[in-house]
Amino acid sequence: FSDPFLNRRRASDFIQGDTRLRGINQERIRDRGKALHEHQRELCEDYYPCEMYAFRHGYPAAYKHYFGGRRRTK
C-alpha cells in the first residue's frame, strides 16, 4: 500500500530544475513574439473593469478607455 499523496519535497523531485527554467525562457520568447493587440487584450483581461467594458464595447475600445489616454493629474 502506498500513499497517493506526496509531500511537497517529493513532488518537486519529479520536475527537473532545467525543465522549469527552459519553460520560463520559452514563455518569455512567446511573449516577445505577440502582436501589440494581443498584449493590449491580455492587459485588459487582467483588469476586471476593462474586461467588463470590453464585453459591451470591444477590446480595442476598452483598452483605449482604460489605458490609452494620458493619466490625468490634479
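Residues numbered from 1 in each chain as written. Predicted model: local features only at pLDDT ≥ 70, side-chain atom pairs only at ≥ 80, totals over all residues. Heavy atoms only, no water.

Per an unreviewed UniProt entry, the recorded name for the protein chain is Matrix Gla protein, and the organism is Loxia curvirostra. For the record of the protein chain, the UniProt heading Sequence similarities (unreviewed entry) holds the text "Belongs to the osteocalcin/matrix Gla protein family." Here is the UniProt Subcellular location (unreviewed entry) comment for the protein chain, exactly as written: "Secreted". (UniProt positions renumbered as here; feature names shortened; annotations may be inferred.)

**Q** Can you break down the packing of helix α3 (residues 36-46) against helix α4 (residues 48-57) residue by residue, with the values?
**A** Two elements in contact, α3 and α4, have axes whose closest approach is 5 Å; the angle formed by their N-to-C orientations is 110°. In terms of axis orientation, α3 runs roughly perpendicular to α4. Here Cys44, Glu45 and Asp46 of α3 come into contact with α4, specifically with Tyr48, Cys50, Glu51 and Ala54. (Axes fitted to C-alpha atoms, helices over the stretch in contact; angles between N-to-C directions. Helix = DSSP H or I, 4+ residues; strand = E, 2+ residues; numbered from the N terminus. Parallel < 35°, antiparallel > 145°, perpendicular 65-115°, else oblique. Contact = heavy atoms within 4.5 Å.)

**Q** How would you explain the pattern of salt bridges if you had to name every residue and give the values?
**A** Tallied over the entire structure, the rule returns one salt bridge. For Glu45, the salt bridge identified is with Arg41, shortest N-O distance 3.2 Å. Here Glu45 pairs with Arg41, and both are found in helix α3, just four residues apart, close to one helical turn. On the basis of relative accessible area, Glu45 is assigned to the partly exposed category, the value being 32%. (Salt bridge = Lys/Arg side-chain N within 4 Å of Asp/Glu carboxyl O. Buried < 20%, exposed > 50% of the residue type's maximum accessible area, 1.4 Å probe, protein only.)

**Q** Account for a nonpolar patch on the surface, with residues named and values stated.
**A** There is a patch of nonpolar side chains on the surface, built from Tyr48, Met52 and Phe55 and spanning about 360 Å² of accessible area. For Tyr48, the position within the fold is in helix α4. (Patch = residues over 30% accessible without salt bridge, like charges linked within 9 Å, V, L, I, M, F, W, Y side chains within 5 Å. Areas by Shrake-Rupley, 256 points an atom, 1.4 Å probe, with all protein chains shown as cover.)

**Q** Let's hear about the packing of α4 against helix α5 (residues 59-68): which residues, and what values?
**A** Contact geometry of α4 with α5 gives a least axis separation of 7 Å together with a crossing angle of 140°. For the element pair α4 / α5, the angle class is oblique. The chirality of how α4 crosses α5 is right-handed. Contact residues: Pro49, Cys50, Glu51, Tyr53, Ala54, Phe55 and His57 in α4; Tyr59, Ala61, Ala62, Tyr63, His65, Tyr66 and Phe67 in α5. When its residues are assigned to classes, the contact of α4 with α5 shows 11 nonpolar, two polar and one charged. (Left-handed = near helix turned anticlockwise from the far one by under 90°. Nonpolar A, V, L, I, M, F, W, Y, C, P; charged D, E, K, R; others polar.)

**Q** I'd love a proper account of the environment of Tyr47, names of residues and values included.
**A** Tracing the backbone through its elements, the reader meets Tyr47 in the loop between α3 and α4. In this structure the C-alpha to C-alpha distance between Tyr47 and Tyr66, which are 19 residues apart in sequence, comes to 9.3 Å.

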